[in-house]
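The lines below spell out each chain.
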Amino acid sequence: MNEMSLVTVIARWNYITVMCDGQATNKESHRAIVEDVKKFKMLGSEQFIAFTGDKLLAEEGAEMANELYNMGYNLHEIASTLQQKMIEQIPYNEQYRNDVQFAIGGKTNQNSIVYYVISNKYNSVDQMQSYTPDKTSLFYNILGGDYCTFNKKEALEKLIGKNNCVLPEQVLLSQKELNSMVAQEDHQVNDHTSFLKITL
């Protein structure tokens, strides 16, 4: 079994950015099997699903999200449907370490930014996290990167402050710097990054 590690999502009222490293690692040998995995998929031109954890389960979930998008589901419907499917079909199993997390978001039909975080570690759709930034807020999530010793949340907050994160390019710089810091400690993270930016 193969797993993928680091994805960061940052959202303000008028944009959302996603950055991921490119490594997929064999769970047993802890060796990198792929160095340039893109851990997100666009849903149309203004929405996305990003994923980390068990590679096969994550890719299957991304494909299901794409099918739901093509059937006309909105972001909330995609996230809640996928969360329910994980509860029913692939609950987290500590023995097999089959964890998988998704961030699903982008621009809504109401011309706002929203994203949801779902996981097969959640036991209920009510545990799904929802973020809709207003003009004064900045929301972020860090998925994966579990093998580093420092506090990723604190590190990202310092980088956001240092880079005066107002513009998406400044946010992406902070995400890139965090990725590099994690890659120095976490054997499952590399410096080969991919990113996306969606703006209103």
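Note: the structure precedes this text.
Since this is a predicted model, take the numbers as computed values, not measurements. (Residues numbered from 1 in each chain as written. Predicted model: local features only at pLDDT ≥ 70, side-chain atom pairs only at ≥ 80, totals over all residues. Heavy atoms only, no water.)

Trainee: I tried to follow the packing of aromatic side chains on my own but got confused; where do I start?
Mentor: Aromatic ring pairs: the centre-centre distance and the angle between the two ring planes describe each pair. For the structure shown, the criterion picks out 2 aromatic pairs. Here the aromatic rings of Tyr115 and Tyr131 are separated by 4.7 Å at their centres, their planes lie at 20°, and the arrangement is stacked. In this pair, Tyr115 is assigned in strand S9 (residues 113-119) and Tyr131 in strand S10 (residues 129-131), connecting sequence segments 16 residues apart. A relative accessible area of 0% places Tyr115 in the buried class. Among the residues examined, Tyr131 registers a relative accessible area of 16% and is labelled buried. Ring geometry for Tyr131 and Phe139: centres 5.5 Å apart, planes at 55°, overall tilted. A relative accessible area of 28% means that Phe139 is categorised as partly exposed. Members of the aromatic cluster, connected to one another through ring pairs, are Tyr115, Tyr131 and Phe139. Positioned over the ring face of Tyr92 is Lys121, at 4.7 Å from the centre of the ring. (Phe/Tyr/Trp six-rings, centres within 6.5 Å; stacked < 30°, edge-to-face > 60°. Helix = DSSP H or I, 4+ residues; strand = E, 2+ residues; numbered from the N terminus. Buried < 20%, exposed > 50% of the residue type's maximum accessible area, 1.4 Å probe, protein only. Lys NZ or Arg CZ within 6 Å of the ring centre and 35° of its normal.)

Trainee: What am I meant to see in the side chain of Thr17 here?
Mentor: Inspection of the secondary structure assignment puts Thr17 in strand S3 (residues 15-21). The exposure class assigned to Thr17 is buried, which follows from its relative accessible area of 0%. Setting aside residues up to four positions removed in sequence, Thr17 forms contacts with Thr8, Val9, Ile10, Pro168, Val171, Leu172, Gln175, Leu196 and Lys197. (Contact = heavy atoms within 4.5 Å.)

Trainee: Please explain unusual backbone geometry as it appears in this structure.
Mentor: Comment: phi is negative for the bulk of residues other than glycine, and the bulk of peptide bonds are trans. Positive phi, normally seen in glycine, also occurs at His30, with a value near 60°. In this fold, His30 is placed in the loop between strand S4 (24-26) and strand S5 (32-34).

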